[in-house]
Amino acid sequence: MRARLQVAAGGTVLLSTLLTAGCGLALGREEVQGPPLPPGADAVTIPEENVDTADVLVVVDDGSQIHAECAGREVVISADDAVVVLDGACGLVRTTGRGSTVDVGSADKIVLVGVDNTVSFAGGDPEVVNHGRNTTVAEGGSAEE
């Protein structure tokens, strides 16, 4: 018991020392300096709807139902319970959400990190990295190649 108290007390002293020494360790929120923002932009931008750019399609809205042309874009699905159909060729397709169904025409690479996701591809031979839990990748689905 005495050893445990000494370790806890030592940790408290170490933490206090680091905080007062200015070593960059901070409790709570820390401001990060990045590139200058365009005029009128907020310092923090939180996406409230799906983001679609020329190079990347990001699906963030839970329960989204999207049918779009992939057009070689990178795709990130971080939404839960989304149904995404992407016709044509995609670059990288990454699912990080939970319970989503994703159909792609084809992809260079498919990465699964989330839980309970299903990804199907209509054609091609994508590189598959499956680090998800209860996730599957299979040929088929409703997307057009």
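Residues numbered from 1 in each chain as written. Predicted model: local features only at pLDDT ≥ 70, side-chain atom pairs only at ≥ 80, totals over all residues. Heavy atoms only, no water.

Novice: It is not clear to me how the overall build of the chain should be interpreted in this structure. Could you clarify?
Specialist: Each helix and strand in the chain was counted, giving one helix and nine strands. Starting at the N terminus, the α and β elements of the chain follow one another as α-β-β-β-β-β-β-β-β-β. Contacts in the chain between residues far apart in sequence, at least 24 positions, make up 9% of those at least 6 positions apart. A total of about 9,400 Å² of accessible surface is found on the chain, and carbon and sulfur atoms cover 53% of it. (Helix = DSSP H or I, 4+ residues; strand = E, 2+ residues; numbered from the N terminus. Contact = heavy atoms within 4.5 Å. Areas by Shrake-Rupley, 256 points an atom, 1.4 Å probe, with all protein chains shown as cover.)

Novice: Sorry, what's going on with the pattern of salt bridges here?
Specialist: Opposite charge on two side chains permits them to pair, given that their charged atoms come into close proximity. Considering all chains together, one arrives at one salt bridge under this definition. Between K109 and E127 there is a salt bridge, and its shortest N-O distance comes to 3.9 Å. Placement of K109 in strand 6 (residues 101-112) and of E127 in strand 8 (residues 127-130) is noted, with a sequence separation of 18 residues between them. Exposure remark for K109: the relative accessible area of 30% places this residue in the partly exposed category. With relative accessibility at 46%, the residue E127 sits in the partly exposed group. (Salt bridge = Lys/Arg side-chain N within 4 Å of Asp/Glu carboxyl O. Buried < 20%, exposed > 50% of the residue type's maximum accessible area, 1.4 Å probe, protein only.)

Novice: Got a minute to help me understand the state of the cysteines in this structure?
Specialist: Linking two cysteines covalently via their sulfur atoms produces the bond known as a disulfide. On inspection of all chains with the given rule, the structure shows one disulfide. Paired by a disulfide, C70 and C90 hold their sulfur atoms 1.9 Å apart. Because the sign of the S-S torsion sets the handedness, a value of about 130° for the bond joining C70 and C90 places this disulfide among the right-handed ones. One end of the pair, C70, is in the loop between strand 3 (65-69) and strand 4 (74-77); the other, C90, is in strand 5 (residues 83-95), and 20 residues separate them in sequence. A relative accessible area of 1% places C70 in the buried class. (Disulfide = S-S within 2.5 Å.)

Novice: Help me understand the nonpolar core in this model?
Specialist: Grouped burial of nonpolar side chains is what soluble globular proteins tend to show. Ranked by size, the top nonpolar core spans 19 residues in total, and within it V59, V75, I77, L86, C90, V93 and V104 carry the most contacts. Among the elements of the structure, strand 2 (56-59), strand 4, strand 5, strand 6 and strand 7 (118-121) are those that each provide at least two residues to this core. Not counting the four nearest positions on each side in its chain, V93 is found in contact with V75, I77, V102, V104, A107, K109, I110 and V111. (Core = buried A, V, L, I, M, F, W, Y, C linked by side-chain atoms within 4.5 Å.)

Novice: Got a minute to help me understand the environment of C70 in this structure?
Specialist: Residues C70 and C90, spaced 20 residues apart in sequence, show a C-alpha to C-alpha distance of 5.3 Å. Residues contacting C70, with those up to four places away along its chain left out, are V75, L86, D87, G88, A89 and C90.

Novice: What is the right way to read the pairing of strand 4 from this model?
Specialist: A regular strand places its side chains on the two faces of the sheet in alternate fashion. Where strand 2 meets strand 4, four bridges bridge the pair, whose relative direction is parallel. When the sheet's bridge partners are listed, V56 is paired in strand 4 with E74. Direction of pairing for strand 4 relative to strand 5: parallel, over a ladder of three bridges. Counted as the bridge partner of V75 is V93 from strand 5. (Pairing = 2+ DSSP bridges.)

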